[in-house]
Amino acid sequence: MTRVAVVGGGVSGLACAHRLRTLLGPAAEIVVLEQRDRLGGVLRTVDLAGAPFDVGAEAFLVRRPEVPALLAEIGLADALTHPTAATATIRAGGRTVGLPRGTLMGVPGRDADLGGVLSDAGRAAVAAEPSTPLDWDPGTDVALGELLRRRFGPEVVDRIADPLLGGVYAGRVDRLGLRATVPALAAALDAGAGSLTEAASTGMAGSGQRGGTLAAGTPAAGTGRTAPPPAGNGAVGGTGAEPSAVPQPVAVGPVFGAVRGGYREVIAALVAASGARVRTGVTVRELHRRPDGWRLVLGPVPQPEALDVDAVVLAVPAPAARRLLEPVAPAAAAAAGRIELASSAVVALAFRAADVAGMPGTSGCLVAADEPLSVKGVTHASTKWAHLGEDGLVRLRASIGRFGEEASLQVDDAELVARVRADLAVLDGVDAVPVASFVQRWGGGLPQYGVGHGAVVDTLESAVAAVGGLEVAGSMLHGVGVPACVATARAAAERLAPALLAAPTGR
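We now turn to the structure provided with this report. (Residues numbered from 1 in each chain as written. Predicted model: local features only at pLDDT ≥ 70, side-chain atom pairs only at ≥ 80, totals over all residues. Heavy atoms only, no water.)

**Some points on the overall build of the protein chain**
Phase 1: When helices and strands are counted, the protein chain shows 15 helices and 22 strands.
Phase 2: Taken against the 2.2 N^0.38 rule, which gives 23 Å for 507 residues, the C-alpha radius of gyration of the protein chain at 22 Å falls within 12% of a compact globule.
Phase 3: Along the first, second and third principal axes, the C-alpha atoms of the protein chain reach 70 × 55 × 45 Å.
Phase 4: Evaluated residue by residue, the protein chain yields a buried proportion of 57% over its 507 residues.
Phase 5: Sequence-distant contacts, at least 24 apart, represent 73% of the contacts inside the protein chain between residues at least 6 apart.
Phase 6: For the protein chain, the exposed area adds up to about 18,600 Å²; of that, 53% sits on carbon and sulfur atoms.
Phase 7: Across the protein chain, the centroid of the 45 positively charged side chains sits 3 Å from that of the 49 negatively charged ones. (Helix = DSSP H or I, 4+ residues; strand = E, 2+ residues; numbered from the N terminus. Rg over C-alpha atoms; globule rule 2.2 N^0.38 Å. Buried < 20%, exposed > 50% of the residue type's maximum accessible area, 1.4 Å probe, protein only. Contact = heavy atoms within 4.5 Å. Areas by Shrake-Rupley, 256 points an atom, 1.4 Å probe, with all protein chains shown as cover. Lys, Arg positive; Asp, Glu negative; His and termini not counted. Charge placed at Lys NZ, Arg CZ, Asp CG, Glu CD.)

Here is the structure:
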């Protein structure tokens, strides 16, 4: 009997187990091993004042096919819901204004409307950019923040690009790589765009969203793989949108989706559909090659347990992948070791509607990096998602913490709630006492896509592929959003299955 171990019980690992079951059939044994005492990884649904509420990723891009297709496969198509027409705002320069249109993930295009966000000097710098000579070497990668500061000045970075991408990665735009985070901009520059303004306009036109888009990407040329896209609502601390690296057709209808009942419905349905043997609270300490497969060493050091399998999928964060890959694929381990992680927290609050009657009717607010506030973004969840306010309560969530600011999170939950409430008084005019609160800390929850991330991933995946019977999946690879994670999971299963089906049964 074929036996496969999937290390990691997040959405990537469970989606891979589900796909393996589809491909290998009912006779295969699929074992999912999760170190924590719960499944879902950085997806988590809690009860907030009696309603299921996501405190990890809250949404996904429906114009990418992976999640809608998965929901249909696991019987949750009817649970798909879409946001209301409420629009987002941004806090910059001490004012809250509408999210500017005409930018590609914060990079201004020709028709960018930056009034109210930038100062007169900032807008003048943007207007001058197209006439400033551009020296660009096709194929190069640079820190996005450094490039934008050089071309547009500091305000575009601090007041637009950093809030958008900070909401995606819980990071700083000065440390994020251009190609991994805004691949469409890099592609347009490689194709000969004479300025960043022209490149952003080209990227937006290519996505069919000339009025502005949070991102538009391209496939990785010649690889058959998807170039690494950023993600927002599909990521842990996301408060913006979930862009896709897959070019999307010009389409009408909703851009984003969520699941009624929260992502816990997806996790439970994946477990059931996969038919996997799930073990939580189990640490995988070692991975060893055997002549006819693999041996995983599990459990505490004094009482180790050996699990022999035909194939292994590692759907774990980069540090765990590095540790397990070191003895079997050292080049892959070294690549995984180059991927840094950011920590953040999500603070969820519920209020009586009468207590917050003056709250803006927007979907939420992103916060510029130079604002004197603790939160990096607030989502007015029950305004954005109608089903979250059906009981008459008002629910919201705030993201707090960025890469390099771990010390700011080293306070107790009460202090984090107090900081969020203080910022809500500034952003929303809300000073009421919540009827319920929940603090979710995500230590090392989000990989940082730095300069050269694509090359790092190429090295990692190539080294793993050379081993055979081993695969990797997850957010450290081609995007931190749920669709990208599902895509890597399905691809890993589809690469493993042919050899497993062709091999003699048993070990």
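**Details of the side chain of Glu 66**
Phase 1: With respect to the helices and strands, the residue Glu 66 is situated in helix α2 (residues 66-73).
Phase 2: Of the residues examined, Glu 66 reaches a relative accessible area of 15% and is grouped as buried.
Phase 3: With residues near it in sequence (within four places) discarded, Glu 66 still touches Pro 483, Val 486 and Ala 487.

**Here we look at the sheet that holds strand β15 (residues 305-309)**
Phase 1: In spatial order, the strands read β13-β14-β15; together these three strands make up an open sheet with antiparallel pairing. Of all the strands in the sheet, just β13 (284-290) and β15 have a single pairing partner and so form its edges. Strand after strand, the sheet turns through a mean of 20° between neighbouring axes, direction not considered.
Phase 2: Alignment of β13 against strand β14 (residues 293-298), held across six bridges, turns out to be antiparallel. Looking across to β14, one finds that His 288 is bridged to Arg 295. (Pairing = 2+ DSSP bridges. Axes fitted to C-alpha atoms, helices over the stretch in contact; angles between N-to-C directions.)

**Comments concerning helix α5 (residues 154-169)**
Phase 1: Along its length, α5 reaches its greatest deviation from straightness, about 45°, at Asp 162, and the proline Pro 163 lies no more than four positions downstream.
Phase 2: In terms of burial, α5 is a largely internal element, 15 of the 16 residues being buried.
Phase 3: Phi for Ala 170, located one or two positions after α5, is positive at around 55°. (Bend = angle between axes of the 7 residues up to and from the residue.)

**Considerations on the pairing of strand β18 (residues 364-367)**
Phase 1: Burial of β18 is two-sided: the residues Gly 364 and Leu 366 facing one way and the residues Cys 365 and Val 367 facing the other way are all buried.
Phase 2: One ladder, built from four bridges, connects strand β7 (residues 88-92) with β18; its direction is parallel. Considered in β18, the bridge of Ile 90 is made with Leu 366.
Phase 3: The sheet contact formed by β18 and strand β19 (residues 375-379) spans three bridges and is antiparallel. Each bridged residue has a counterpart across the sheet, and for Cys 365 the counterpart in β19 is Val 378.

**So, the nonpolar core**
Phase 1: Core analysis: the largest hydrophobic core is formed by 47 residues, its most contacted members being Leu 144, Leu 148, Leu 178, Leu 185 and Leu 189.
Phase 2: Mapped onto this core, the elements with two or more residues apiece are β7, α4 (144-152), α5, α6 (178-181), α7 (183-190) and α8 (196-207).
Phase 3: Looking at this core element by element, the count peaks at eight residues for α5.
Phase 4: Once residues within four sequence positions are removed from consideration, Leu 185 is found in contact with Leu 104, Val 107, Leu 144, Leu 178, Leu 196, Ala 199 and Ala 200.
Phase 5: Among the nonpolar cores identified, the runner-up in size contains 42 residues, and Leu 20, Ala 57, Leu 71 and Ala 269 belong to it. (Core = buried A, V, L, I, M, F, W, Y, C linked by side-chain atoms within 4.5 Å.)

**A look at the pairing of strand β2 (residues 29-34)**
Phase 1: Burial analysis of β2 places six of its six residues in the buried class, the great majority of the element.
Phase 2: Judged from the five bridges that link them, strand β1 (residues 3-7) and β2 form a sheet pairing that is parallel. Across the sheet, the residue bridging to Val 6 is Val 32, located in β2.
Phase 3: Running through helix α1 (residues 11-24), the crossover from β1 to the neighbouring parallel element β2 is right-handed.
Phase 4: Both β2 and strand β12 (residues 277-280) contribute to a ladder of four bridges, which runs parallel. If you follow Glu 34 over to β12, its bridge partner there is Thr 280. (Right-handed = clockwise from strand over helix to strand, strands pointing away.)

**So, the state of the cysteines**
Phase 1: Summed over the entire model, instances satisfying the criterion amount to zero disulfides.
Phase 2: Here Cys 485 is not cross-linked by a disulfide; its sulfur's nearest cysteine counterpart is in Cys 16, at 12 Å.
Phase 3: When its relative accessible area of 6% is taken as the criterion, Cys 485 is described as buried. (Disulfide = S-S within 2.5 Å.)

**A look at unusual backbone geometry**
Phase 1: You will see that Ala 49, though not glycine, has its phi angle at about 55°, which is positive.
Phase 2: Relative to the helices and strands, Ala 49 is located in the loop between β3 (45-48) and β4 (51-54).
Phase 3: A relative accessible area of 31% means that Ala 49 is categorised as partly exposed.
Phase 4: At Met 105, a position not held by glycine, the phi torsion is positive, near 55°.
Phase 5: Relative to the assigned elements, Met 105 resides in the loop between β9 (103-104) and β10 (107-108).
Phase 6: The exposure class of Met 105 is buried, given its relative accessible area of 1%.

**Observations concerning the sheet that holds strand β6 (residues 80-81)**
Phase 1: What the three strands build is an open sheet, ordered β5-β11-β6; its pairing is antiparallel. At either end of the open sheet lies a strand with only one pairing partner, and these are β5 (60-61) and β6.
Phase 2: One ladder, built from two bridges, connects β6 with strand β11 (residues 256-259); its direction is antiparallel. Bridge pairing in β11 links Thr 81 to Ala 258.

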